[in-house]
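Structural overview for review
Chain by chain, the residues run as shown.
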Amino acid sequence: RKHLFKWPGHLNPIRWFYLDPVKEHVYVQAFDKKEKTRKYFIYDFKGKLIKRTWLPWKGMVRISGGKLWQLMENEDTENWELHQTGI
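Reference entry: report on the structure contained in this document.

Criteria and thresholds
- Residues numbered from 1 in each chain as written.
- Predicted model: local features only at pLDDT ≥ 70, side-chain atom pairs only at ≥ 80, totals over all residues.
- Heavy atoms only, no water.
- Pairing = 2+ DSSP bridges.
- Helix = DSSP H or I, 4+ residues; strand = E, 2+ residues; numbered from the N terminus.
- Phe/Tyr/Trp six-rings, centres within 6.5 Å; stacked < 30°, edge-to-face > 60°.
- Lys NZ or Arg CZ within 6 Å of the ring centre and 35° of its normal.
- Contact = heavy atoms within 4.5 Å.
- Polar contact = N/O pair within 3.5 Å; in protein donor to acceptor, adjacent residues only side chain to side chain.
- Salt bridge = Lys/Arg side-chain N within 4 Å of Asp/Glu carboxyl O.
- Patch = residues over 30% accessible without salt bridge, like charges linked within 9 Å, V, L, I, M, F, W, Y side chains within 5 Å.
- Areas by Shrake-Rupley, 256 points an atom, 1.4 Å probe, with all protein chains shown as cover.
- Buried < 20%, exposed > 50% of the residue type's maximum accessible area, 1.4 Å probe, protein only.

**Some remarks on the pairing of strand β7 (residues 79–86)**
Where strand β6 (residues 67–74) meets β7, eight bridges bridge the pair, whose relative direction is antiparallel. Across the sheet, L68 pairs through a bridge with T85, a residue of β7. Where β6 folds back on β7, the antiparallel hairpin that results is connected by four residues, among which E78 adopts a positive phi of roughly 60 degrees.

**Things to note about the packing of aromatic side chains**
Counted by the stated rule, this structure contains zero aromatic pairs. The ring of W54 carries K34 above its face, with NZ or CZ at 4.4 Å from the centroid.

**Topic: the environment of D20**
The residue D20 is located in strand β1 (residues 14–20) in this model. Remark: the alpha-carbon pair of D20 and R62, spanning 42 residues in sequence, is separated by 9.6 Å. When sequence neighbours within four positions are dropped, the list of residues in contact with D20 reads H25, Y27, F45, I63, S64, G65 and G66. Polar side-chain contacts of D20 include one of 3.4 Å to the backbone nitrogen of K23.

**Remarks on the pattern of salt bridges**
All chains considered together, the criterion is met by one salt bridge. For D32, the salt bridge identified is with K39, shortest N-O distance 4.0 Å.

**So, a nonpolar patch on the surface**
Among the surface-exposed residues, M60, L71, W80 and L82 lie close enough to one another that they form a single nonpolar patch of about 460 Å² accessible area. Within the secondary structure, L82 sits in strand β7. For L82, a relative accessible area of 59% corresponds to the exposed category.

**Remarks on the pairing of β6**
Only one face of β6 is covered, namely the face carrying L68, Q70, M72 and N74; the face carrying K67, W69, L71 and E73 is uncovered. Across five bridges, the pairing between strand β5 (residues 60–64) and β6 is antiparallel. If you follow M60 over to β6, its bridge partner there is L71. In this structure, the hairpin formed by β5 and β6 is closed by a connection of two residues, where G65 is found at a positive phi of approximately 65 degrees.

Here it is in structure tokens:
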């Protein structure tokens, strides 16, 4: 599907992508990482680049409604916690 999107400069290898039907965005996760974050390219459904951003990455991840949802285990309490980050 490379021809459907306008990639910024050069494209980093794609690790994963998420479709958000609520916001009508495609979140493309690159292999680039800094500390506990990963690089994302955010596109609309027509392939226009909206922005590039770094999002936290740990635990089980889901993107929906323009928010990053992460289910992480708290090693101190041994409980699972749901974290939400606005994008």
